[in-house]
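Commentary on secondary and tertiary structure
Listed below are the residues making up each chain.
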Amino acid sequence: MEALNMNNLLDAPENSDKAKYASWVTSVPVGLTFATLGLVGNTVSLIVWDRVARKTDVSGASIKYFKLLGVVNSCFLISYFLADTLQSCLPSLLQNYIFLSLYSYCFFPLFYYFNYATIWTMFAINIERYLICVRQIRLSNWTRMVLLIMMYIFGIILNVPNVFVYEPFLIQTSNTTTWTLHETQFSRSQANMDYKFWVHCFLICILPLLIMTILNISIFLSIRNSFKSIKNHLTATSHRMRQDRSVGITLFSVTLGFLVLLLWECIATCLWFRGFKKSDPAAWTAVNISFAVGKLAIVFHSSLNCMLYFITGSLFRSELRLLLTEKLMGKGRLTKLLSESNS
């Protein structure tokens, strides 16, 4: 996904008013709404999954990944607001030296980094699910932590070039001086174009998408075969199995939604990076509009996970209802009612 410099996108002569308007709509009313709802939803998810972890004996790795995903998604939504929505809401910031410096060396690189972190956290989740479901291999907490740290450090290294894409630039005339966002020489080079395509399109997006698709097909087939062999033997003593199955369904639904959205982003971003039909004004306008919409793919994923948890996860749904009941009725009163009903 590409965080946009509004000067470059909106003032480019080859873009029509429709492309400009589409970019503003996706950045401000749509993007801001989903980012806000997503931050609230991720906060609720973290609270609920923490309560689930303390009350059940379900797989600890799955709950930890849900909580990690909530943190990473929240960081991505904040970086999206700082790198994309903020400048669209307040265009005057693009003439402010402090904001331009923060955007060039902080907001823009962080947006790319948390985009990577979101995709590759989902990739790590799918790798471990494959190992557990298909290969019957469970990673220790220490191994998992080391691998995740290495993955996030690798992401930092991959995103170093993004620090050199933009810089504040002072435009001086006889009467006024104005700061603006300026593309560096590296940004305009073929090396940067190759970096964007091969690193951000292929390595960060397309490769995980292909691997996760193959892994999930294997996981689905393995779970289907396993469930067929045990469905006639489920008894009251298989409570742990039912809990794990509920969490597995939730993981699968989150992954499926993520794969669809990531495919959408991959197509739109790669066409935009490669300048597909840029010489044709009508076609290039369509590419810009699809890119403006496609950049919301990971925003949607980061915002809608709480809803997916509620729809597909019985554990999450039950605990959320209990949490809301406690907040509305008071924990003491709820405990009293439950004890009276049990007696």
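Residues numbered from 1 in each chain as written. Predicted model: local features only at pLDDT ≥ 70, side-chain atom pairs only at ≥ 80, totals over all residues. Heavy atoms only, no water.

**Considerations on the overall build of the protein**
Spelled out, the test is: Helix and strand assignments follow DSSP, with helices taken as H or I runs no shorter than four residues and strands as E runs no shorter than two, numbered in order from the N terminus. Whether two residues are in contact is decided by their heavy atoms, any of which lying within 4.5 Å being enough. The Shrake-Rupley method, run with a 1.4 Å probe, gives the accessible areas here. Residue values count only the displayed protein chains as cover.
Tallying secondary structure elements over the protein gives 11 helices and 2 strands in all. Across the protein, the fraction of contacts at a sequence separation of at least 24, relative to all contacts at a separation of at least 6, is 78%. Accessible surface for the protein amounts to roughly 17200 Å². Of this, 68% is attributable to carbon and sulfur atoms.

**Examining the nonpolar core**
What counts is decided by this rule: Residue types Ala, Val, Leu, Ile, Met, Phe, Trp, Tyr and Cys, when buried and joined through side-chain atoms within 4.5 Å, form a set referred to as a nonpolar core. Each residue gets one of three labels from its accessible area relative to the maximum for its type: buried under 20%, exposed over 50%, partly exposed in between, using a 1.4 Å probe on protein chains only.
Of all hydrophobic cores here, the largest spans 71 residues; its most connected members are Phe99, Tyr103, Ile119, Ile204 and Leu262. Sort the elements by how many residues they give to this core and helix H4 (residues 97-133) lands first, with 17 residues.

**A few points about the pattern of salt bridges**
Opposite charge on two side chains lets them pair, provided their charged atoms get close. Here is the rule we go by: Take a side-chain nitrogen of Lys or Arg and a carboxyl oxygen of Asp or Glu: if they are within 4 Å of each other, that pair is a salt bridge.
In this structure the tally under the stated criterion is 4 salt bridges. Here Arg54 and Asp50 are joined by a salt bridge, their closest N and O atoms 3.3 Å apart. With Arg54 and Asp50 both in helix H2 (residues 17-55), this residue pair falls 4 residues apart, about one helical turn. Since its relative accessible area comes to 59%, Arg54 is described here as exposed. Note on Asp50: relative accessible area 28%, which makes it partly exposed. Here Glu319 makes a salt bridge to Arg51, at a shortest N to O gap of 2.8 Å.

**Structural notes on the pairing of strand S1 (residues 166-172)**
A regular strand places its side chains so that they alternate between the two faces of the sheet. Which entries qualify depends on this criterion: Two strands form a pair only when DSSP identifies at least two bridges running between them.
The pairing of S1 with strand S2 (residues 177-183) spans 7 bridges and is classified as antiparallel. The partner of Ile171 across the bridge, within S2, is Thr178. What sits between S1 and S2 in their antiparallel hairpin is a turn of 4 residues.

**Concerning the environment of Phe316**
When you line up the elements, Phe316 lands in helix H10 (residues 314-329). Judged by its relative accessible area of 0%, Phe316 falls in the buried class. In sequence terms Phe316 and Val48 are 268 residues apart; their C-alpha atoms lie 6.7 Å from each other. The residues touching Phe316, leaving out its near neighbours within four places in the chain, are Ser45, Val48, Trp49, Cys306, Tyr309 and Phe310.

**With respect to the packing of aromatic side chains**
We apply this condition: Two rings belonging to Phe, Tyr or Trp (six-membered ring only in the last case) form a pair when the distance between their centres is within 6.5 Å. Interplanar angles under 30 degrees mark stacking, angles over 60 mark edge-to-face geometry, and anything in between is tilted.
Applying the stated criterion across every chain, the model contains 22 aromatic pairs. Consider the rings of Tyr113 and Phe114, whose centres lie 5.3 Å apart with planes at 70 degrees: the pair is edge-to-face. The two residues Tyr113 and Phe114 agree in class, both being buried. Through pairs of rings, three or more aromatic residues link up here, namely Phe76, Tyr80, Phe99, Tyr103, Phe107, Phe108, Phe111, Tyr112 and Tyr166.

**Notes on the packing of H4 against helix H5 (residues 141-158)**
Stated precisely, the cut-off is as follows: Note on geometry: axes are C-alpha line fits, over the in-contact stretch for helices, and angles between N-to-C directions span 0 to 180 degrees. Should an angle fall under 35 degrees it is called roughly parallel, over 145 degrees roughly antiparallel, and 65 to 115 degrees roughly perpendicular, with every other angle called oblique. Crossing handedness follows the turn of the near helix against the far one: under a right angle anticlockwise gives a left-handed crossing, and clockwise gives a right-handed one. As a working rule, the residues Ala, Val, Leu, Ile, Met, Phe, Trp, Tyr, Cys and Pro are called nonpolar, Asp, Glu, Lys and Arg charged, and the rest polar, with Gly in that last group.
Where H4 meets H5, the axes come as close as 10 Å, and the angle between the chain directions of the two elements is 150 degrees. Compared by their axis directions, H4 and H5 come out roughly antiparallel. The crossing of H4 and H5 is right-handed. Contacts between H4 and H5 pair Tyr113, Tyr116, Ala117, Trp120, Thr121, Ala124 and Glu128 from the former with Arg144, Leu148, Met151, Tyr152, Phe154, Gly155, Ile156 and Leu158 from the latter. The residue inventory of the contact of H4 with H5, partitioned by class, reads 11 nonpolar, 2 polar and 2 charged.

**Notes on the confidence of the model for the protein**
Applicable threshold: Looking at any residue, its pLDDT shows the predictor's confidence there, from 0 to 100.
Mean pLDDT over the protein works out to 80, with 82% of the residues at or above the 70 mark. Within the protein, the element-level pLDDT minimum falls on helix H1 (residues 6-10), averaging 43, and the maximum on H5, averaging 94.

**Re H4**
Applied cut-off: An expected span of 1.5 Å times one less than the residue number is assigned to each helix. A residue's bend is the angle separating two fitted axes: one through the seven residues that end there, the other through the seven that start there. Side-chain atoms alone can form a polar contact between residues adjacent in sequence; in general such a contact is a pair of N or O atoms within 3.5 Å, and within protein one must be able to donate a hydrogen while the other accepts it.
Here H4 spans 52 Å end to end across 37 residues, near enough to the 54 Å set by a 1.5 Å rise per residue. The largest bend in H4 amounts to roughly 50 degrees and is located at Tyr103. Most of H4 sits out of view: 28 of its 37 residues are buried. N-cap assignment for H4: the residue whose side-chain oxygen lies 3.0 Å from the backbone N of Ile98 is Asn96.

**Structural notes on unusual backbone geometry**
The backbone of Gln136 shows a phi angle near 55 degrees, a positive value even though the residue is not glycine. Secondary-structure assignment places Gln136 in the loop between H4 and H5.

**Remarks on helix H8 (residues 281-294)**
Taking 1.5 Å of rise per residue, the 14 residues of H8 would be expected to cover 20 Å, and the 19 Å separating its terminal C-alpha atoms lies within 8% of that figure. What H8 keeps buried is the set Ala283, Trp284, Thr285, Val287, Asn288, Phe291, Ala292 and Gly294.

**Comments concerning the packing of H4 against helix H9 (residues 297-312)**
For any two helices packed against each other, one specifies the crossing angle of their axes together with the interaxial distance. Viewed as axis vectors pointing N to C, H4 and H9 meet at an angle of 60 degrees, and their least axial separation amounts to 11 Å. In terms of axis orientation, H4 runs oblique to H9. For the pair H4 and H9, the crossing hand works out as left-handed. Contact residues: Asn115, Thr118, Ile119 and Met122 in H4; Ile298, His301 and Ser302 in H9.

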